[in-house]
Amino acid sequence: MTLYQKLANRLREHIQHDFYKSGDKLPSVRQLAQEHGVSISTVQEAYRQLEQELLVEARPKSGYFVCSRKKDNLPSISRPPQRPLEVSQWEEVLNMLMNRSGNKGVQLQHAMPDMKAATLKPLLKTLSDLTKQKPELGLGYADIRGTEELRTQLCRLAVASGCQLHPDDLVVTSGCQEALSVCLRAVTQPGDIIAIESPSFYGSMQAIKAANLKAMEIPTHPETGISLEALELALDQWPIKAIFVTPTCNNPMGYTMPEDKKEQLYRLAQSYDIAIIEDDIYGDISYQFPRPKTIKSFDTDGRVLLCSSFSKTIAPGMRVGWIAPGRYRDKVTHIKYVSSSMCPVLPQLAIAKFIRLGGYAKHIRQMRQNYETHRDHLLSVIKTYFPNDTRVSYPAGSFILWVELNPNIDSMELVKKCREEGVGFAPGPLFSATGKYRNCFRLNFSEQSMEKREWAIKTLAKILKQSMDQTKPININLMAS
């Protein structure tokens, strides 16, 4: 047993025996290093292991704390159909995407970042200056792979996730949705089967549908992610061509897969010689520090296609995403060319400068703190106003969470009633190939003020209570005369 494992075991025992209680601040890295006569890196690795076990959490500029959440009200482990299925639900997804009420009510259905943050002002100024001073840059063709300035900065960012990339390893796309779609087409043929977490982001599901593929939904744990045991059984039984996962700050459940499990998933893909499409769009806004590693960081043979964008960290309207496609680079580049050719140049240059001058790092630090505060507030108000049997995820990052209600509740009917009162959310069936999770929904907690969010939850809870009262069985006294 290594020194960091011994230290981690000691801290784990102290937490389990309530020597350190829920929410308590743990000793600093320097203090533990002095007390145990070990290096600072040893202590950091011990804390990192406990973070992966979800026992402790790092708070920027504050130190390490015992996780304060309760595990008894997490969503159930999903149990999707045990066969590949064609994806449906497009009409429902389109209906939600078109349901934009502007400033009316409180819309919690769209996974939109906080775009009013003051930390974005340097980026907006750079974009404005480029438009005024060098408008010709935005008029002509450019490198199909994306500007070299941006690809260079993306390589710098990738180091934090454990990846060593070269600018030539990257292809810039029009957001992460195009990246995912391009990757699916690069590693499959129509009719192939894709293994995917369940529930899973509706955009991923619709990308599978658009490529004429079938989805093999795999049981997923609300804390640790896709079941590797169930995945291996599926790989033995079906000719699965690729694995599609969002292992860091998952959408919709918010979990981050432990690092050792990410490596096991990669080894499993290796043993079956299939590709992994990794959606890392929320990775930079993980609450953990240091930032969690990607599956791509374990990739030694180029089978992982890493996708991400700035849609969730900066703004979706920038339409700047990217792929690190590994061995599939040439095919990805060709598909990107025939689908949309090059991407607009000015947003790429503005973001590249934003990263290079430190603005992006400052913005991300602020957003992590804000979103974590918003998460804790939303969890608190849900606990206050929702029924006692409600189950809620505990996001390790990002700004979305998953709610599981009583099985008798239909979220598709609930959302119709809530929209009439000015409250929107994303109903559960959108996150499944076949419309499962009817008693579940996803909430966003990034944009609105705490007052507006609390009003929305109280309104939702009121409508939920009315729905539950209507679904209660009627007791008939058969002995009555």
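The following paragraphs examine the structure supplied in this document. Because the structure is a prediction, the values reported are computed rather than measured.

1. Observations concerning the sheet that holds strand β13 (residues 391-392)
What the four strands build is an open sheet, ordered β13-β14-β17-β16; its pairing is antiparallel. Either end of the sheet is taken by a strand with one partner, and the two such strands are β13 and β16 (426-427).

2. Regarding the packing of aromatic side chains
Across all of its chains, the model carries 13 aromatic pairs by this definition. Residues Tyr-202 and Phe-431 carry aromatic rings whose centres are separated by 5.4 Å and whose planes lie at 65° to one another, so their mutual orientation is edge-to-face. One end of the pair, Tyr-202, is in helix α8 (residues 202-210); the other, Phe-431, is in the loop between β16 and β17 (440-444), and 229 residues separate them in sequence. We note that Tyr-202, like Phe-431, is buried. Where Phe-425 meets Phe-441, the ring centres are 4.5 Å apart and the plane angle is 40°; that geometry is what we call tilted. Of this pair, Phe-425 sits in the loop between β15 (423-424) and β16 while Phe-441 sits in strand β17; the two residues are 16 residues apart in sequence, bridging distant segments of the chain. Since its relative accessible area comes to 1%, Phe-425 is described here as buried. Grouping aromatic residues by their ring pairs yields a cluster made of Phe-201, Tyr-202, Trp-402, Phe-431 and Tyr-437. Sitting over the face of the ring of Phe-65, Arg-59 holds its NZ or CZ atom 4.0 Å from the ring centroid. Sitting above the plane of the Tyr-437 ring, Lys-436 keeps its charged end 5.5 Å from the centroid.

3. Focus on the packing of helix α2 (residues 29-36) against helix α3 (residues 40-52)
For the pair α2 and α3, the least separation of the axes is 9 Å and the interaxial angle reads 115°. The angle between α2 and α3 places the two elements in the roughly perpendicular class. Here the hand of the crossing between α2 and α3 comes out right-handed. Packed against α2, whose contacting residues are Val-29, Arg-30, Leu-32 and Ala-33, the element α3 presents Ile-40, Val-43, Gln-44 and Tyr-47 at the interface. Among the residues making up the contact of α2 with α3, the classes are represented as six nonpolar, one polar and one charged.

4. What about the environment of Ile-240?
As for its position among the elements, Ile-240 is in strand β9 (residues 240-245). In sequence terms Ile-240 and Thr-188 are 52 residues apart; their C-alpha atoms lie 9.7 Å from each other. Those residues in contact with Ile-240, other than ones at most four positions away along the chain, are Ile-193, Ala-195, Met-216, Ala-234, Leu-235 and Ile-274.

Rules used in this analysis
Residues numbered from 1 in each chain as written. Predicted model: local features only at pLDDT ≥ 70, side-chain atom pairs only at ≥ 80, totals over all residues. Heavy atoms only, no water. Pairing = 2+ DSSP bridges. Helix = DSSP H or I, 4+ residues; strand = E, 2+ residues; numbered from the N terminus. Phe/Tyr/Trp six-rings, centres within 6.5 Å; stacked < 30°, edge-to-face > 60°. Buried < 20%, exposed > 50% of the residue type's maximum accessible area, 1.4 Å probe, protein only. Lys NZ or Arg CZ within 6 Å of the ring centre and 35° of its normal. Axes fitted to C-alpha atoms, helices over the stretch in contact; angles between N-to-C directions. Parallel < 35°, antiparallel > 145°, perpendicular 65-115°, else oblique. Left-handed = near helix turned anticlockwise from the far one by under 90°. Contact = heavy atoms within 4.5 Å. Nonpolar A, V, L, I, M, F, W, Y, C, P; charged D, E, K, R; others polar.

Function-wise, these values are silent; they only describe arrangement.
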